[in-house]
Amino acid sequence: MAQTGGDWAVNIEVQDSKRETLFGEATALRKPSVPTSVLVYLVVFLSAFLLFQVELVIAKYILPWFGGTPAVFTTCMLVFQILLLLGYGYAFILESYASPRVQMVVHGLVTASAFGLLVWQGSAWHVPLLPDQRLRPPDSLFPIWHIFVVLLLSVALPFFLLSTTGPLLQAWWGRMNNGLPYKLYALSNAGSVIALLTYPVLFEPHSTLRTQAVWWSVSFLLFGCGAVTVACIAAQYPVFRPSQSADTEHKPSWRRKLVWLLLSCCGSILFLATTNQICQEVAVVPFLWVLPLSLYLLSFVLCFGVERHISRGLWVSVLATATVVISVALYERGISVPVQILIYSFALFAGCLVCHGELVRAKPSTKYLTGFYLNLAAGAAFGAVCVTLISPLIFEGYWEFHLGLWLCWALLCALSLLDTSSWIYLPKPLLLAFCALTVFAGPLWAALKTSKVGLVIGIVAIVILLGFLLSSKATLSPATKLRAALFSAAFTLVLLGAILFFPAIGYLHGAVAVSRNFYGVLSVMKSLNVASPALFLRHGRTLHGFQYADASQRMLPTGYYGPQSGIGLVLRDRINASPAKPLRIGVIGLGVGTIAAYARRDDSIRFYEINPDVVRLAYSGPERLFTYLHDCHGHVSVVMGDARVSLERELAQKQPGDFDVLAIDAFSGDNIPVHLLTREALAVYLRHLNSATGILAFHISNRSLDLSPVVAALAASVGREAWLVDSMDPENGRSVWVLVGKFPGPLSSDMVPLNVKPGFPVWTDDYSSLFAVLR
């Protein structure tokens, strides 16, 4: 590879050939023994394995404390990225300014401190790693701050120690082994990928969180002993400084460091934005966190593990293909959720291959290794800050993925322009051909597919255009090549920006109200049906209810809550059974407040809602757009905060709800708060019912998961019946409810008894797995 792009583009072969120059004096030292080598490999692998497994364990444990929203995991990742940055900074300072023996002593003390913390946690919390329930936030205010505090008190020090292992051991190995230790970086990421892939398959389905925490702590003790042993061995090898000439030649400039920072930041943005996209569509659970995180790390393994075979052209081709497919997904309605997940994951993987492939091309010699990793960690942390803290403030929707993909192309074009031997200077205008394909695959296809004539014309035109673009073989002067390359890059970025952001912005076009906070994106849309105008509330792409605008229809129960739905059947049955008795109704999840339409004059209905923006739109404040609660004939109250926390607090204050019917309505759509479907949650619900005849109504309508076995197992565990009500109304659509209680018989033909699935386990706070309920 030519070095015309500046000193950041260090050729791999040149680095390898100059190892003896940089470390010439070290060749006389003895090589580490085979047992030492094996120990180093094991410690590196185990540190990465434990580092990423603890992320999943602690994130799953605290997920119920903060409403089960996707932002919980991205906030956890922000904390972990900051801790990773601090760990890399510690490694950089220790390796740059401390002698080998001082490094050994300091690292030993940090390891002993982490051991002491785990022992204290085991004594005070009865299990190490998992924070005590007393750290659970009392309300839903400032969730990001509460997550920071909980993670800092529980896993910060062990995670910090694990994060230092990669750069430190690679630096020590480079000193002991007289070479570039980037293969250890690939091994480290391989350990991370294995930890992620095995967790939802081996650990989560077959062990409780407490068991996982104990197993992790024991493994951490073994890791710490191994790390201290390696530190003691490395202390026997002195630090050799390269010659002045070599140091001047290879010292990274600020421009090269900026490239490291931007490439790492772009990969981090793509990873976290893809995680948000996937979790919003399905559920906030570890096995869906695992997919994007595994692909993110796998790209490091491929790029750093086979660095001699890195092909920029191959990665660019993969990215171009992924972008064309994304263009189709953005403009094509009706793509199933699994296919969307595959498409977004493919784009993430392609973008990370490009970013991390360019990082391999720009990596420094061993002397600057810890500084290189420090810049990578800083870029990843800044990407996490952009997705978690900055984006919700400046974007109305989830647009980070679109920005990350565009930024990936911008960096690719900029770095390719700096290298005059790159593909961007070929006489064939490949970027323009890529633009033609992307435009046709997305917006043009969406516009023309309804017309066969237009479709044929479009296909013919695109084939002619591609043939013309790819047939150019003219010999151009360097100046002409540069102008052509600059034009192609600029045109591509402008066009790609329009293609990516138009559907993202257009998705919210015409919205009456839009808000985004920690709990997601809410939008209120008007219906296009002139005969029956209505307002619809959406959370992401999931409908959370609608209300007719006409005064005569405004109090009709609609959507999932129509008269033939599960909740409609049970409320009408209770009203008919005791016409003179006031009903007490509890509802977890406010939505637009449709269930309030069933309340009579003396009835009382209490909603539990964690999202303040939902309350603002449906209950209180000048921006209220839905009037079910305002026009309700009964007594209405709304309790803010996570429903389960609020219900538990009321029990502790000896103020049970005394409900005739308690509706658990937090499952519409595919974003499933698992902590509301556990044995412990069921015990809380039952204590809030007024008698043995009280009814629990679980709303389980969603596209990807069949939650009926979960509810059936819960009901059977306490000796209650479970009845499935799967109704379809031409006006209100499909609605799926499970009623738990005692009934003399079915209330309608849609109501059927639900039997326990053989061998299906009861979910608990300590154990749950969604693999068994995937559709």
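These figures come from a predicted structure and were not determined experimentally. (Residues numbered from 1 in each chain as written. Predicted model: local features only at pLDDT ≥ 70, side-chain atom pairs only at ≥ 80, totals over all residues. Heavy atoms only, no water.)

On to helix α5 (residues 100–124). Taking 1.5 Å per residue as the helical rise, α5 with its 25 residues ought to reach 36 Å, and the 36 Å between its terminal C-alpha atoms agrees with that figure. If you check which residues of α5 are buried, you get Pro-100, Gln-103, His-107, Val-110, Thr-111, Ala-114, Phe-115, Leu-118 and Gln-121. The inward-facing, buried residues of α5 contact α4 (70–97), α6 (143–154), α7 (156–177) and α9 (209–234). His-126 lies just past α5 and shows a positive phi near 75°. (Helix = DSSP H or I, 4+ residues; strand = E, 2+ residues; numbered from the N terminus. Expected span 1.5 Å × (residues − 1). Buried < 20%, exposed > 50% of the residue type's maximum accessible area, 1.4 Å probe, protein only. Contact = heavy atoms within 4.5 Å.)

With that out of the way, let us pick up the pairing of strand β3 (residues 534–539). The element β3 is extensively covered by neighbouring structure, given that 5 of its 6 residues are classed as buried. In terms of strand pairing, strand β2 (residues 520–526) meets β3 through 5 bridges, oriented antiparallel. Bridge pairing in β3 places Met-525 opposite Phe-536. Bridge count between β3 and strand β4 (residues 542–548): 5 bridges; the pairing is antiparallel. (Pairing = 2+ DSSP bridges.)

Turning our attention to the sheet that holds strand β1 (residues 513–517). Across the sheet, 4 strands lie side by side as β1-β2-β3-β4; this open sheet has antiparallel pairing. Edge positions in the sheet fall to β1 and β4, since each of these pairs with one other strand and no more. Taken over all neighbouring pairs, the strand axes of this sheet differ in orientation by 15° on average, direction set aside. (Axes fitted to C-alpha atoms, helices over the stretch in contact; angles between N-to-C directions.)

Along the chain, the position of Lys-363 falls in the loop between α14 (337–361) and α15 (369–394). Overall, the relative accessible area of 1% leaves Lys-363 in the buried class. In the structure, Lys-363 is positioned 106 residues away from Lys-257 in sequence and 9.6 Å away in space, judged by C-alpha atoms.

Turning to helix α16 (residues 400–418), a few remarks are in order. For an α-helix, 3.6 residues make a turn, and residues three or four places apart therefore share a direction. Between its first and last C-alpha atoms α16 spans 27 Å; for 19 residues at 1.5 Å apiece the expected length is 27 Å, and the two agree. Of all 19 residues in α16, 14 are buried, a share of seventy percent or more.

On to the environment of Pro-503. Within the fold, Pro-503 resides in helix α19 (residues 478–506). Considering only alpha carbons, one finds Pro-503 and Pro-443, 60 residues apart in sequence, at a separation of 9.3 Å. What Pro-503 contacts, discounting residues up to four positions off in sequence, is Leu-330, Tyr-331 and Ala-498.

With mixed pairing, the 8 strands of this open sheet are ordered in space as β7-β6-β5-β8-β9-β11-β10-β12. The outermost strands of the open sheet, each flanked by one partner alone, are β7 (635–640) and β12 (751–753). Within the sheet, the average angular offset between the axes of one strand and its neighbour, ignoring direction, is 20°. Here strand β9 (residues 695–699) runs beside strand β11 (residues 733–741); their pairing, made up of 4 bridges, is antiparallel. Bridging across to β11, Phe-698 finds its partner in Val-738. Against the sheet, helix α22 (residues 643–652) contacts β5 (584–588), β6 (604–609) and β7, and its axis sits at roughly 125° relative to β6. Against the sheet, helix α24 (residues 708–717) touches β9, β10 (721–729) and β11, its axis set at about 15° to β11.

Here Ser-219 shows up in helix α9. What Ser-219 contacts, discounting residues up to four positions off in sequence, is Leu-46 and Leu-50.

If you trace the backbone, Val-439 turns up in helix α17 (residues 430–448). Counting along the chain gives 111 residues from Val-439 to Val-328, while the straight-line C-alpha distance between them is 9.3 Å.

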